[in-house]
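If you want the building blocks of each chain, they are given just below.
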Amino acid sequence: MLNKYARAFFTRVLTPFAALLIRLGVSPDAVTLAGTGGVVAGALVFYPRGEFFWGTVVITLFVFSDLVDGNMARQLGRSSRWGAFLDSTLDRVADGAIFGGLALWYAGRGDDNALCAVTIFCLASGQVVSYTKARGESIGLPVKVNGLVERAERLVISLVACGFSGLHKFGVPHIEILLPIALWIVAVGSAVTLIQRVVTVRREAAEADAADRAVVQGGETR
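Under the annotation held in an unreviewed UniProt entry, the protein chain carries the name Phosphatidylinositol phosphate synthase and is attributed to Streptomyces bingchenggensis. Under the heading Subcellular location (unreviewed entry), UniProt records this for the protein chain: "Cell membrane".

1. With respect to the overall build of the protein chain
Check the secondary structure of the protein chain and you find eight helices and zero strands. Secondary structure of the protein chain in N-to-C order comes out as α-α-α-α-α-α-α-α. Principal-axis analysis of the C-alpha atoms places the extent of the protein chain at approximately 80 × 50 × 25 Å. Of the contacts formed within the protein chain by residues at least 6 apart in sequence, a portion of 79% connects residues at least 24 apart. Working note: accessible area of the protein chain is about 12,400 Å², and carbon and sulfur atoms make up 68% of it. Distance between charge centroids for the protein chain: 5 Å, based on 21 positive and 18 negative side chains.

2. What to know about unusual backbone geometry
For Asp111, which is not glycine, the phi dihedral falls at a positive 50°. Turning to its location among the elements, Asp111 is positioned in the loop between helix H5 (81–107) and helix H6 (113–138). For Asp111, a relative accessible area of 64% puts it in the exposed group. A positive phi angle is found at Val143, which is not glycine, with a value near 50°.

3. Section: the UniProt feature "binding site: a CDP-1,2-diacyl-sn-glycerol" (unreviewed entry) in the protein chain
Under the UniProt annotation, "binding site: a CDP-1,2-diacyl-sn-glycerol" (unreviewed entry) lies at Asp29, Ala30, Val31, Thr32, Gly70, Arg74 and Ser80. Secondary-structure assignment places Thr32 in helix H2 (residues 28–46). Here Thr32 is in contact with Asp69, Leu86, Asp87 and Leu90, once residues within four sequence places are set aside. Relative to the helices and strands, Ser80 resides in the loop between helix H4 (65–76) and H5. Given a relative accessible area of 39%, Ser80 falls into the partly exposed group.

4. Describing the packing of H2 against helix H3 (residues 52–63)
Direction vectors running N to C along H2 and H3 enclose 170°, while the axes themselves pass 8 Å from each other. By the angle between their directions, the pair H2 and H3 is classed as roughly antiparallel. Taken together, the residues of H3 that come into contact with H2 (itself represented by Ala34, Gly35, Gly38, Val39, Gly42, Ala43 and Phe46) are Trp54, Gly55, Val58, Ile59, Phe62 and Val63. In the contact of H2 with H3, the residues fall into nine nonpolar, four polar and no charged.

Rules and cut-offs
Residues numbered from 1 in each chain as written. Predicted model: local features only at pLDDT ≥ 70, side-chain atom pairs only at ≥ 80, totals over all residues. Heavy atoms only, no water. UniProt positions renumbered as here; feature names shortened; annotations may be inferred. Helix = DSSP H or I, 4+ residues; strand = E, 2+ residues; numbered from the N terminus. Contact = heavy atoms within 4.5 Å. Areas by Shrake-Rupley, 256 points an atom, 1.4 Å probe, with all protein chains shown as cover. Lys, Arg positive; Asp, Glu negative; His and termini not counted. Charge placed at Lys NZ, Arg CZ, Asp CG, Glu CD. Buried < 20%, exposed > 50% of the residue type's maximum accessible area, 1.4 Å probe, protein only. Axes fitted to C-alpha atoms, helices over the stretch in contact; angles between N-to-C directions. Parallel < 35°, antiparallel > 145°, perpendicular 65-115°, else oblique. Nonpolar A, V, L, I, M, F, W, Y, C, P; charged D, E, K, R; others polar.

Shown next as structure tokens:
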């Protein structure tokens, strides 16, 4: 849902900014690299220190580069396999930094091994969820499934909860509970999404194998 509606909305909003960057001679790849660098810096500098509000502000500003670079490429007519590869690869780096920063907090001053483990599971399962789709498509399967919690949902749930949890340092009572709740939601949702994709790939693979056998058998009978 977020991929379909929110992405379309922000793409329209950010189109003038993308056009400005093009006029300034900035390349889509440069925006991709800068955006990822900003997300990684925001996550690994602020989150391990428990500065969830300011860390989230920094990360959110740079997360929008994921929409800007694609918008620039379309305006320039330069959509390419390399750009898609770079964007997808650096998305994984950014996700790893966000959940890695939270894991460092819980392993350190946050002092909660259970939540550290949940955060690491969010990190690992998010990577595997992305891999299952990429691997399925690489062997010629469509992987037609809308998972329960995909990347957009993981980011929105985690970052919104982080940002609001950070308001605890501004005197808002008990709001820090939002982050553990969000991490559990992302962990469970990612596990469900992984199962959905594995089941879909298994079904599509069986159908493709059956179709191949039918073609072979048909050729032999002729």
